[in-house]
Structures are given as structure tokens and as C-alpha cells.
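Each chain is listed here by its residues.
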Amino acid sequence: MRVWLGRRGNRFALGIAFTLAIAALGTGLARLPGFDRVGPLACAIAIAVVYRQLAGYPEALRPGIQFSAKRLLRFAIVLYGLRLNIAVILHDGLGLVVRDAATIAFSIGLMVLLARWWRADASLSLLLGVGTGVCGASAIAAVSPIVGAKEEDTAIAAGIIALGGTVFAIAYTLLRPLLPLPALQYGVWSGVSIHEVAQVALAAAPAGGQALAVALLAKLGRVFLLIPLAFGMMLWMKRRGRHDGPVKVEFPWFLVGFLAMSLAGSYLVPVLRVPSDWMQAVSNFSSFLLTAAMVGLGLNVSLKDVRTKAVRPFVAMVATSVLLSGWTLLSLWW
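Everything numeric here is computed off the predicted structure, so don't read it as measured data.

The rules behind each value
Within every chain, residues take consecutive numbers counted from 1 along the sequence as written. Since the coordinates come from a predicted model, pLDDT governs what is reported: local features require at least 70, and pairs of side-chain atoms require 80 or more to be given and counted, while whole-chain, interface and lining totals use all residues. Only heavy atoms go into the side-chain values, all of them from the structure, while hydrogens and water stay out. Buried means the residue's accessible area, taken with a 1.4 Å probe over protein chains only, is under 20% of the maximum for its type, while exposed means over 50%, and partly exposed covers the values in between. Elements are defined by DSSP. Helices are runs of H or I of four residues or more, strands are runs of E of two residues or more, and each kind is numbered from the N terminus. Every axis in this analysis is a line fitted to C-alpha atoms, fitted for helices over the stretch in contact. Angles between the N-to-C directions lie between 0 and 180 degrees. Roughly parallel means an angle under 35 degrees; roughly antiparallel means over 145; roughly perpendicular covers 65 to 115; every other angle is labelled oblique. We call a crossing left-handed when the near helix sits turned anticlockwise from the far one by less than a right angle, and right-handed when that turn is clockwise. We call two residues in contact whenever any of their non-hydrogen atoms come within 4.5 Å of each other. For this scheme, ten residues count as nonpolar: Ala, Val, Leu, Ile, Met, Phe, Trp, Tyr, Cys and Pro. Four count as charged, namely Asp, Glu, Lys and Arg, and the remainder, Gly too, count as polar. Remark: nonpolar core denotes a set of buried residues (Ala, Val, Leu, Ile, Met, Phe, Trp, Tyr, Cys) joined through side-chain atoms within 4.5 Å. What goes into a patch is any residue over 30% in relative accessible area without a salt bridge, connected to like charges within 9 Å or, for nonpolar side chains (Val, Leu, Ile, Met, Phe, Trp, Tyr), within 5 Å. In this description, accessible areas are obtained by the Shrake-Rupley approach with a 1.4 Å probe, and a residue is regarded as covered only by the protein chains that are shown. Whenever Lys or Arg places a side-chain nitrogen within 4 Å of a carboxyl oxygen from Asp or Glu, that contact is recorded as a salt bridge. N or O atoms closer than or at 3.5 Å make up a polar contact, with two conditions inside protein: a donor-capable atom paired with an acceptor-capable one, and, for residues adjacent in sequence, both atoms drawn from side chains. A helix is expected to span 1.5 Å multiplied by its residue count minus one. The reported bend at a residue is simply the angle between two axes, fitted to the 7 residues ending at it and to the 7 residues beginning with it. Geometry of aromatic contacts follows a simple scheme: Phe, Tyr and Trp rings, the Trp one being its six-membered ring, pair when their centres are within 6.5 Å, and the pair is stacked under 30 degrees between planes, edge-to-face over 60, tilted otherwise.

Caption draft 1: Local environment of helix 7 (residues 137-147). With 10 of 11 residues buried, helix 7 is to be regarded as a mostly interior element. If you check which residues of helix 7 are buried, you get Ala137, Ser138, Ala139, Ile140, Ala141, Ala142, Val143, Ser144, Ile146 and Val147. Downstream of helix 7 by one or two residues, Gly148 has phi in the positive range, about 70°.

Okay, structure coming up:
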């Protein structure tokens, strides 16, 4: 019995170590020229997907890999809450939050509508709508367990949103000199329409420090709105369960942790005068854990299934992102 438990424990530890190793490879790859535009998350997912196609799923390591894909994922989301300064949003960003709410409603609503019109996979399209409207892969990871999405769909959506958002961020930097927008308005446009926080920084930084600050403020408003959105989706799933049959919805305790860490980062950390280097280390650690979790999800991806189910959701995401960019840009001129 002890031997069996020992072997099982070793496979569990090796599975976690396997995801951490690929996450480290992805992080290192993302530091190379060209790959730095994509980011560590997308690089790690790509490595995991390639490994799955070439070597198959490492069944002996499944317990540890699943732990990374589920438990490490939620722990990373909790730590991610430290990046959200609620005080700044409530003090300076209420007007931006209104724009952010419109962005989320537009993105999710249009993705769901296009999915119906084009007969795209509904679950994957919903995840991409959330990722487009809120905060990319982090939002996808947060709502996936609430809506009962498959791990494969979560991984595919995270990879698509990371790649698509990076392309849009680069396109913004190319368009900026051609647009008659002051720096601050360009920052607002970037913050309310681009997917990931890092991608917003990539797009807004060339416009200067003030543009970058307002862009990140607008983006943090969308991260803040992830909390009510997630709880609203949980209530929607419960109602759907009453009408369409029993659907078990696990209470998203990790979002409570996310909110608690946000409050701690906003009010407790300044009082305790936690060094900025420590906070940056925690931020880097949470990003690395999220990358490792996505490796676990990426190993579930079959390219054959991607070709059959992800093409239409991908096209719908691109169309939604283009229309979102155009609509938010026009709204700045009204």
C-alpha cells in the first residue's frame, strides 16, 4: 500500500514539475525577439500543444497535470487580484468603468450572436467573448469552471485570445501615428478595447507615460468588472439548471479570494508599506503559475478537434475585435 501511494505521489509531483518545466520554457522563449510580442502564456500553450501532438498525453503524469490545470489555475487567479487597485478605480475611473461595461456587454453579446449565425461552437465562443471583453486568458480561466467549459475549450480559447490580442496591440501601435487622437484619448481607446493587460501596455506605451497610465486604468476597470460578471454567470447557470435540467454549479470561492486580495492590495499593502519589489515578485509568481496552469490545459488540445471546432469561433472573435475597436474609437469622437 505504501509503495502504491509512493508511486502515485511521485507521479503527482512529476506531473506538477512537468507543467512548471514547460512554463519555464515558455517564459524563456517569450524573452526572445519576436516571441516577446506573444508573451509567455501563448508560448507555453504552444509548446504544450506541440508536445501533445508529437508525444501524446503523458498519462502517467495526469494527476499532477490536472492539479496544475485546476488548482494552480485558481490560486493564480486569486493572486492576480493584487494587481487590481479598487481604490484607484473608484476614485478616478468611474467614467471609464461605464465604457468598460459597454465593452464587455458588446463583446459577449456579439460573440454569442455571431456564434448562432455562423453555427460556431457555443461554449468556445462564449469563452472568447469573455476574454475579448474582460481581460483575456485570466477572465477565460475564471469563468470556465462556472459555465462548465471543457478543459480543452479553455486552453484553445486562452491560446486564441493571447495570439489575437497581441496582433491587435501591434496593429494599434502601427495605426497610432495615422489617427487624429490626442495621447490620452489613444490611451483610453487602448484600455477599453484590447484584450490582455500586457497587450494594453504594449499598445499604449509608445504614446507616452500619461497615455499608458490612463490605458491601464481603463483596463483595470474591466478586470474589476470580472467579479460581478462571474457571479452573474453563476446565477445564470443556476437558473438554466432549473429550466433545462440539473446543472451543478460550484460556488467560485476563488473569486472571493480574488476580491479579498484586491482589497488587500488596495488598502492593506499601502498601510504595511510592502516593498514594491516584493509586490512585483508576487505578480511575476502569479503570472508563472497561470502559465503552468495553461500548460496543463494545453496538453488536452487535439489539433484535429481544433480544426473542426475552433475555426468559426476564431473568425467570430476577430470580427468582434475589429468591430469593438471601431466602435470604441468612434465613441471617442462623439
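Caption draft 2: Broad picture of the packing of helix 2 (residues 40-55) against helix 8 (residues 151-175). Put simply, helix 2 and helix 8 touch, their axes get as near as 9 Å, and they point 130° apart. On the basis of the axis angle, helix 2 is oblique to helix 8. Relative to helix 8, helix 2 is oriented so that their crossing is left-handed. From helix 2, Leu41, Ala42 and Ile45 reach across to helix 8, where they touch Ala155, Ala158, Gly159 and Ala162. When its residues are assigned to classes, the contact of helix 2 with helix 8 shows 6 nonpolar, 1 polar and no charged.

Caption draft 3: Spatial organisation of the nonpolar core. Membership of the largest hydrophobic core comes to 60 residues, with the highest contact counts inside it found for Leu128, Val130, Val134, Met233 and Met294. Contact partners of Met233, with chain neighbours within four places excluded, come to Ile108, Leu126, Val130, Val143, Ile146 and Val147. Within the second largest apolar cluster, 21 residues are counted, among which are Tyr172, Leu181, Ala207 and Val214.

Caption draft 4: Structural view of unusual backbone geometry. A positive phi is found at Arg119, a non-glycine position, where the angle reads about 55°. Mapping Arg119 onto the fold places it in the loop between helix 5 (94-118) and helix 6 (122-133). Arg119 gets classed as exposed once you look at its relative accessible area, which sits at 73%. If you check the backbone angles, Arg273 has positive phi at about 55° while not being a glycine. Along the chain, Arg273 turns up in the loop between helix 13 (253-272) and helix 14 (276-298). For Arg273, a relative accessible area of 73% translates into the label exposed.

Caption draft 5: Geometry of the packing of helix 5 against helix 16 (residues 311-333). At a minimum axis distance of 9 Å, the contact between helix 5 and helix 16 shows a crossing angle of 145°. In this structure, the crossing between helix 5 and helix 16 has a hand that is right-handed. In terms of residue class, the contact of helix 5 with helix 16 is made up of 15 nonpolar, 5 polar and 2 charged.

Caption draft 6: How the structure looks around a nonpolar patch on the surface. Taken together, the side chains of Leu113, Trp117, Trp118, Val311, Phe314 and Val315 make up a nonpolar region of the molecular surface, amounting to roughly 570 Å² of accessible area. Counting only elements with at least two residues in the nonpolar patch, the list comes to helix 5 and helix 16. Turning to its location among the elements, Phe314 is positioned in helix 16.

Caption draft 7: Looking closely at the side chain of Thr328. Here Thr328 shows up in helix 16. Within the structure, Thr328 has its side chain in polar contact with the side chain of Trp189 (distance 3.2 Å).

Caption draft 8: Focus on the pattern of salt bridges. Counting across every chain of the model gives 1 salt bridge. Here Glu59 ties to Arg62 by a salt bridge, and the two come within 2.8 Å at their closest N and O atoms.

Caption draft 9: Looking closely at helix 3 (residues 62-80). Compared with the 27 Å implied by 1.5 Å per residue over 19 residues, the 26 Å span of helix 3 between its first and last C-alpha is a close match. At Ser68, helix 3 shows its largest bend, some 30°. All of the buried residues along helix 3 are Gly64, Ile65, Ser68, Ala69, Leu72, Leu73, Arg74, Ala76, Ile77, Val78, Leu79 and Tyr80.

Caption draft 10: Structural detail: the packing of aromatic side chains. As enumerated under the stated definition, the model contains 5 aromatic pairs in all. Relative to Tyr51, the ring of Phe18 lies with its centre 5.2 Å away and its plane at 65°, an arrangement referred to as edge-to-face. One end of the pair, Phe18, is in helix 1 (residues 2-29); the other, Tyr51, is in helix 2, and 33 residues separate them in sequence. Among the residues examined, Phe18 registers a relative accessible area of 18% and is labelled buried. Given the relative accessible area of 32%, Tyr51 is considered partly exposed. Ring plane angle 10° and centroid distance 4.0 Å describe the contact between Tyr172 and Trp189, whose orientation is recorded as stacked. Residue Tyr172 is located in helix 8, and its partner Trp189 is located in helix 9 (residues 183-193); the two are separated by 17 residues in the primary sequence. Since its relative accessible area comes to 2%, Trp189 is described here as buried.

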